[in-house]
Amino acid sequence: MSRLLHRYTAYGLRVQSPIALPFVPASSAPDDEPDVTIRVGAVPPALPAPADKRGHWESAPGAFLLNVDGVARYLVTAGRDILVEPRGGGDRDMGVFLAGSVLAALLQQRGVVTFHASAIETGSGAVLFLGRSGDGKSSLLAAMVQRGYAMLADDVTGVVLDSGGHPTALSAFPCARLWADALDALGWQAPTRGRVREGLEKYLAPVERFRATPLAVRAAYMLTPSPGGGIEIEPCTRHAAFELLLSRYAYRRRYLSGLGQHPTHFRAVAAMAKQLPVLRVKRPVVHPLQINALADEIERSLRERGAEAASPAAVASG
Amino acid sequence: MSIVWLASYPKSGNTWLRTVLTNYLPEAGGPASINALIGWSTASFRYTFDEFLGLPSSDMTPEEILRCRPLLHEALAEAMPPPAFVKVHEACVRAPGGAALFPKSATAGVVYLVRNPLDVAVSYAHHDQRTIDRIVTHMNDPAANLVGKCPRGITNWLPAPMLTWSGHASSWLDQGELPVHVTRYEDMLANPRAAFGAIVRFAGLDWDAARLGEAIGHAAFPRLRAQEEEFGFHEKQPTAPSFFRAGVAGSWRTALRPRQVRALVDAHGPVMERFGYLREAETFLAGEGAAGA
């Protein structure tokens, strides 16, 4: 069966896929040779010589295999090719994992360092909001977009070192994923493109204000839920920043060892901890999300550092 | 390495037990910080799931997450250095697909803590800053879930099926696969040396009576509360005024209304009887009836 081929641009890569990627708006780029080709076909049950293997994945230099029970199996090779074997999932289900964990493994194969972070553009460079699942990085991103900052990435931010050794954030794609309570708390007016998946109160929120090219990283904020008190932002020591960037905020850190990408990861983290202000944001984990109070504090901190929105807009709604 | 699950319904002495165990370890060297306790609930944490399994829990349905948890627990058992204690508030259920949520292959044993549900209700309401009526409804709800407070959003925690209070206890105690050592909270209070000593032996830690005495002393309730007042406790619910509240048995007598006692007794009578909680509750209700309440 031949399928319609979709074309996307994500993390600066031209992607061609027979399966729609739900978060990634279709690209209007000309039909030239893609950087990444996604195909549908049989995926071997295991890698011939996995260097690391846990849970639902296996990795080896240049090869990565992910099994999502009831959805699909994925094989990523050479940072260029992704093979998808449907295993009961619909296109939307297959696409969600494709555009998330699978694409992250592909980026890692290409030497891009993946952080669990959202990222915005400020007048003086990119700012990362690092957080684990549930720490609030997507809702903070959305609040900052409403305040006039352009989005670079949600959930996974790819970082590379430029020729001068400075950390540079890649532009991912113009869509955030927001839970219903965050949409409510933000008063998000822009139309969503429906649920990320059936059965989840999590929505695709396209973002118009988007920076489409890479940008030098200016600062990183680590979102740290704390048991009480107010919102506090304090500088993190270089040592603590290094440790946390290397472990807690690395996206799928465990994929890396098998892929042989630990040295790349280490160099990028060392450069970030050395060159950038890394700040710890303590915030109470309470619902409703206090998202606007958090965004106020972040903006105040950015202003102190001379990092306002590049083109401040009237407060808009997405 | 296999895991010793520290399993309990919430507010049943799990943190107290973890404090004793942390202080009992030879490397403790003096009163351990309540903010660095062993046996943290890492198996229920999204980050652990995402990083170990390589899957994005925030894009998965509760059923899909639960289906993957047995494998997560096996991966954790393989990765954790000894002593591998993990606190869980989940019930011991089967995952969709039929696999045991807590596989035998990942399990060294289960320490199950049980507390009078009437006291649990009082403590739980304080902990979650919810009314006792809502907590009673929660304790009687077979579909209860630890993240039930957040159906339209996300927290750091995975969805966790809890069953009812008595369903929770029965799920762990009657599963027949995993070795279980059950301890009543009231016995931990009445005779801590005997209660914690038996747990230490069950868990296979080397036995040292003097060290256990010191550990129990370091974990004495006023000391935990003093630590919380001075340093805070990062496992506390953000909305709760404090985690270490009273540390006593029987506060339900003044905190619960007869109809709330009745609702819990009606739902959990057989399991309450099994642990010696029923008679006191029925005497109380009979007295209330006589008083015309």
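Residues numbered from 1 in each chain as written. Chains lettered and ligands numbered in written order. Predicted model: local features only at pLDDT ≥ 70, side-chain atom pairs only at ≥ 80, totals over all residues. Heavy atoms only, no water.

A. Quick look at the overall build of chain A. Along its length, chain A carries seven helices and 18 strands. Over its C-alpha atoms chain A spans a radius of gyration of 19 Å, differing by no more than 12% from the 20 Å that the globule rule assigns to 318 residues. Counting only C-alpha atoms and orienting by the principal axes, one finds that chain A spans roughly 55 × 40 × 40 Å. A burial count over chain A gives 57% of its 318 residues as buried. For chain A, the proportion of contacts with a sequence separation of at least 24, taken over those separated by at least 6, is 66%. If you sum the accessible surface of chain A, you get close to 11900 Å²; carbon and sulfur atoms cover 51% of it. Charged side chains of chain A number 35 positive and 29 negative; the gap between the two group centres comes to 4 Å. (Helix = DSSP H or I, 4+ residues; strand = E, 2+ residues; numbered from the N terminus. Rg over C-alpha atoms; globule rule 2.2 N^0.38 Å. Buried < 20%, exposed > 50% of the residue type's maximum accessible area, 1.4 Å probe, protein only. Contact = heavy atoms within 4.5 Å. Areas by Shrake-Rupley, 256 points an atom, 1.4 Å probe, with all protein chains shown as cover. Lys, Arg positive; Asp, Glu negative; His and termini not counted. Charge placed at Lys NZ, Arg CZ, Asp CG, Glu CD.)

B. Structural view of the overall build of chain B. Along chain B, the regular secondary structure elements total 13 helices and four strands. Relative to the 2.2 N^0.38 estimate, which gives 19 Å for 293 residues, the radius of gyration of chain B is 19 Å and therefore close to what a compact globule would have. Each principal axis of the C-alpha distribution contributes one length, and for chain B these read about 60 × 45 × 40 Å. Excluding contacts between residues fewer than 6 apart, the proportion of contacts in chain B whose partners are at least 24 apart in sequence is 72%. Put simply, chain B shows about 11400 Å² of open surface, and 54% of that area lies on carbon and sulfur atoms. Seen as two clouds, the 27 positive and the 29 negative side-chain charges of chain B have centres 4 Å apart.

C. Region of interest: the interface of chain B and chain A. The interface is formed by 32 residues belonging to chain B together with 42 residues belonging to chain A. Summing both partners gives a buried area of about 3100 Å² for chain B against chain A, and 53% of it is carried by carbon and sulfur. By the criterion of area lost to chain A, the three top residues of chain B are Glu51, Asp59 and Arg152 of chain B, representing 24% of everything that side buries. Here chain B is connected to chain A by five salt bridges. Notably, a salt bridge pairs Asp184 of chain A with Arg152 of chain B, separated by 2.7 Å at the nearest N-O pair. (Buried area = accessible area lost by both parts, 1.4 Å probe. Salt bridge = Lys/Arg side-chain N within 4 Å of Asp/Glu carboxyl O.)

D. View of the domain arrangement of chain A. Residue and element names in this part refer to chain A. What the domain assignment lists for chain A is domain 1 (6-109) and domain 2 (113-304). Relative placement of domain 1 and domain 2: their C-alpha centres are 23 Å apart. Contact residues are listed per partner, giving 33 residues for domain 1 and 24 residues for domain 2. Summed over both partners, the interface of domain 1 with domain 2 buries about 2400 Å², with 58% contributed by carbon and sulfur atoms. When residues of domain 1 are sorted by the area they lose upon contact with domain 2, Tyr11, Phe23 and Gln108 head the list and together hold 35% of the total. (Domains from an automatic or database assignment.)

E. Quick look at helix α4 (residues 117-128) of chain B. All names here are of chain B. For α4, with 12 residues, the first-to-last C-alpha span of 16 Å sits near the 16 Å given by 1.5 Å per residue. Burial analysis of α4 places 12 of its 12 residues in the buried class, which makes it a mostly covered element. For α4, every residue scored as buried is listed here: Pro117, Leu118, Asp119, Val120, Ala121, Val122, Ser123, Tyr124, Ala125, His126, His127 and Asp128. The N-cap residue of α4 is Asn116: its side-chain oxygen and the backbone nitrogen of Leu118 are 2.9 Å apart. (Expected span 1.5 Å × (residues − 1). Polar contact = N/O pair within 3.5 Å; in protein donor to acceptor, adjacent residues only side chain to side chain.)

F. Region of the structure containing the sheet that holds strand β3 (residues 107-114) of chain B. Residues and elements named next belong to chain B. Across the sheet, which stays open at both edges, the four strands sit in the order β2-β1-β3-β4 with parallel pairing between neighbours. The strands lining the two open edges of the sheet, one partner per strand, are β2 (85-88) and β4 (180-184). Sheet twist, expressed as the average angle between the axes of neighbouring strands with direction ignored, equals 20°. The pairing of β3 with β4 spans five bridges and is classified as parallel. Among the inter-strand pairings, Val114 is bridged to a residue of β4, identified as Arg184. The strands touched by helix α6 (residues 165-173) within the sheet are β1 (3-8), β2, β3 and β4, with β3 carrying the most contacts at an inclination of about 150°. (Pairing = 2+ DSSP bridges. Axes fitted to C-alpha atoms, helices over the stretch in contact; angles between N-to-C directions.)

G. Main features of the side chain of Thr22 of chain B. All names here are of chain B. As for its position among the elements, Thr22 is in helix α1 (residues 14-24). We classify Thr22 as buried; its relative accessible area is 7%. If we skip the residues at most four places from it in the chain, Thr22 touches Ala28, Ala32, Ala36, Leu37 and Ile38.

H. Inspection of the nonpolar core at higher detail. In terms of nonpolar packing, the biggest core is built from 104 residues, with Tyr74 of chain A together with Trp172 of chain B touching the most fellow members. If you tally residues by element for this core, the top one is helix α1 (residues 91-109) of chain A, at 11 residues. Here this core spans two domains, and each of domain 1 (6-109) and domain 2 (113-304) of chain A adds at least three residues to it. Other than its neighbours up to four places away in sequence, Tyr74 of chain A contacts Val43, Phe64, Leu65, Leu66, Val68, Leu83, Val84, Asp93, Met94, Phe97, Leu98 and Val102 of chain A. Listed in part, the 32 residues of the second largest apolar core include Ala142, Ala143, Ala180 and Ala205 of chain A. (Core = buried A, V, L, I, M, F, W, Y, C linked by side-chain atoms within 4.5 Å.)

I. Local environment of the pattern of salt bridges. According to the stated counting rule, one finds 28 salt bridges over all chains in the structure shown. Salt-bridge contacts for Asp52 of chain A lead to Arg54 of chain A; the nearest nitrogen and oxygen are separated by 3.5 Å. Counted as one network, the salt bridges with shared partners bring together Lys137, Asp155, Arg177 and Lys202 of chain A together with Asp59 of chain B.

J. Expanded view of the packing of aromatic side chains. Summed over all chains, the structure comprises 17 aromatic pairs over all chains. Members of the aromatic cluster, connected to one another through ring pairs, are Trp40, Phe45, Tyr47 and Trp157 of chain B. A cation over an aromatic ring shows up here: Arg254 of chain A above the ring of Phe52 of chain B, its NZ or CZ 4.1 Å from the ring centre. (Phe/Tyr/Trp six-rings, centres within 6.5 Å; stacked < 30°, edge-to-face > 60°. Lys NZ or Arg CZ within 6 Å of the ring centre and 35° of its normal.)

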